[in-house]
Amino acid sequence: MAAAFEFRVKTSRKIERLDVTDRVRQASETIGARDGALLVSVPHTTAAIVVGEAWDPDVTGDLERALAAWVPEVRFDHAEGNSAAHFLSEAMGTARLVPIEGGAPLLGRWQGIFLIELDGPRERTIRVAVLSV
């Protein structure tokens with residue numbers, strides 16, 4: 001049984017919320033995880049991983065607009081021009097612990113696992129590691 005798996009996704013917009021639940025589920029199967037928890041993470045300073053509403057597609061647009069407006073006129077000294085993305089990534093977090101049962105992520109009825117792109121478009125790596133009991 002492998003202890004970890006990673007996959008890559010391409011984003012197409014500056015701020016984008018991508019449902020990666022199926023890819024995480026596939027990673028869990030590849031790893032051979034049964035029960036315990038999955039650590040889902042991104043090794044990037046301008047992206048985040050969250051668990052959130054996956055049923056209503058309007059939620060994605062709503063959240064993308066809210067994220068774009070969250071840091072309106074703040075003076076940043078970081079010269080690359082993406083300090084808002086760094087702030088948002090740190091505020092949301094680059095990892096989530098997701099319970100697994102019977103090899104599948106144990107999510108609520110409406111929940112999914114999302115990559116939040118904050119400085120795209122880019123190609124991002126998502127890592128899935130199993131923490132077993």
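Before any of the text, the structure's been laid out above.
Residues numbered from 1 in each chain as written. Predicted model: local features only at pLDDT ≥ 70, side-chain atom pairs only at ≥ 80, totals over all residues. Heavy atoms only, no water.

Trainee: Describe the overall build of the protein chain, and please don't skip the residues or the numbers.
Mentor: Within the protein chain, the regular secondary structure consists of three helices and eight strands. Going from the N terminus to the C terminus, the protein chain shows its helices and strands as β-β-α-β-β-α-α-β-β-β-β. Each principal axis of the C-alpha atoms in the protein chain carries an extent, and together these give about 45 × 30 × 25 Å. For the protein chain, the share of sequence-separated contacts (at least 6 apart) that also reach a separation of at least 24 residues comes to 85%. Carbon and sulfur atoms provide 53% of the accessible area of the protein chain, an area that totals close to 7,500 Å². With 15 positive and 19 negative side-chain charges, the protein chain shows a spacing of 3 Å between the two charge centroids. (Helix = DSSP H or I, 4+ residues; strand = E, 2+ residues; numbered from the N terminus. Contact = heavy atoms within 4.5 Å. Areas by Shrake-Rupley, 256 points an atom, 1.4 Å probe, with all protein chains shown as cover. Lys, Arg positive; Asp, Glu negative; His and termini not counted. Charge placed at Lys NZ, Arg CZ, Asp CG, Glu CD.)

Trainee: Break down helix α1 (residues 21-31) for me, citing the residues and quoting the values.
Mentor: Taken together, the buried positions of α1 are occupied by T21, V24, A27, S28 and I31. Each buried residue of α1 sits inside an arc of 120 degrees when the element is viewed along its axis, so together they form one side. Facing away from the buried side of α1 by more than 90 degrees, the exposed set consists of D22, E29 and T30. Directly after α1, the chain includes G32, whose backbone phi takes a positive value near 90 degrees. (Buried < 20%, exposed > 50% of the residue type's maximum accessible area, 1.4 Å probe, protein only. Arc of directions from axis to C-beta.)

Trainee: Residues and numbers for the packing of aromatic side chains, please.
Mentor: Enumeration according to the criterion identifies two aromatic pairs in this entry. Ring geometry for W55 versus W110: centroids 5.3 Å apart, planes at 65 degrees, classification edge-to-face. Here W110 lies in the loop between β6 (104-105) and β7 (111-117) and W55 lies in the loop between β4 (47-53) and α2 (58-70), a separation of 55 residues in the sequence. Residue class for W55 comes out exposed when judged on its relative accessible area of 59%. W110 gets classed as partly exposed once you look at its relative accessible area, which sits at 41%. With a centroid separation of 5.6 Å and 65 degrees between ring planes, the pair formed by W70 and F87 is classed as edge-to-face. (Phe/Tyr/Trp six-rings, centres within 6.5 Å; stacked < 30°, edge-to-face > 60°.)

Trainee: Break down unusual backbone geometry for me, citing the residues and quoting the values.
Mentor: Geometrically, the link from G120 to P121 is a cis peptide bond, its omega value of 0 degrees lying close to zero. Take P121: it is sitting in the loop between β7 and β8 (123-132).

Trainee: Which residues make up the sheet that holds β4, and what are the values?
Mentor: Ordered in space as β2-β7-β4, the three strands form an open sheet in which the pairing is antiparallel. Looking at which strands have only one partner, the edges of the open sheet turn out to be β2 (16-19) and β4. Neighbouring strand axes in the sheet, compared pairwise and without regard to direction, differ in orientation by 35 degrees on average. Judged from the seven bridges that link them, β4 and β7 form a sheet pairing that is antiparallel. Bridged to A47 within β7 is E117. (Pairing = 2+ DSSP bridges. Axes fitted to C-alpha atoms, helices over the stretch in contact; angles between N-to-C directions.)

Trainee: I'd love a proper account of the nonpolar core, names of residues and values included.
Mentor: Of all hydrophobic cores here, the largest spans 19 residues; its most connected members are V20, V24, L38, V40, L115 and I126. Contact partners of V24, with chain neighbours within four places excluded, come to F7, L38, V40, P105, I113 and V128. If you look at the next biggest cluster of nonpolar residues, it comprises 11 residues, including V50, V71, L88 and L118. (Core = buried A, V, L, I, M, F, W, Y, C linked by side-chain atoms within 4.5 Å.)

Trainee: Just give me the short version of the environment of I113, but keep the residues and values in it.
Mentor: Position of I113 relative to the elements: it lies in strand β7. A residue is classified by how much of its surface remains accessible, and I113, at 0% relative accessible area, is buried. The spacing of I113 and D62 is 51 residues in sequence and 17 Å in space, taken between C-alpha atoms. Not counting the four nearest positions on each side in its chain, I113 is found in contact with L18, D19, V20, T21, V24, V40, I49, V50, V51, V98 and L107.

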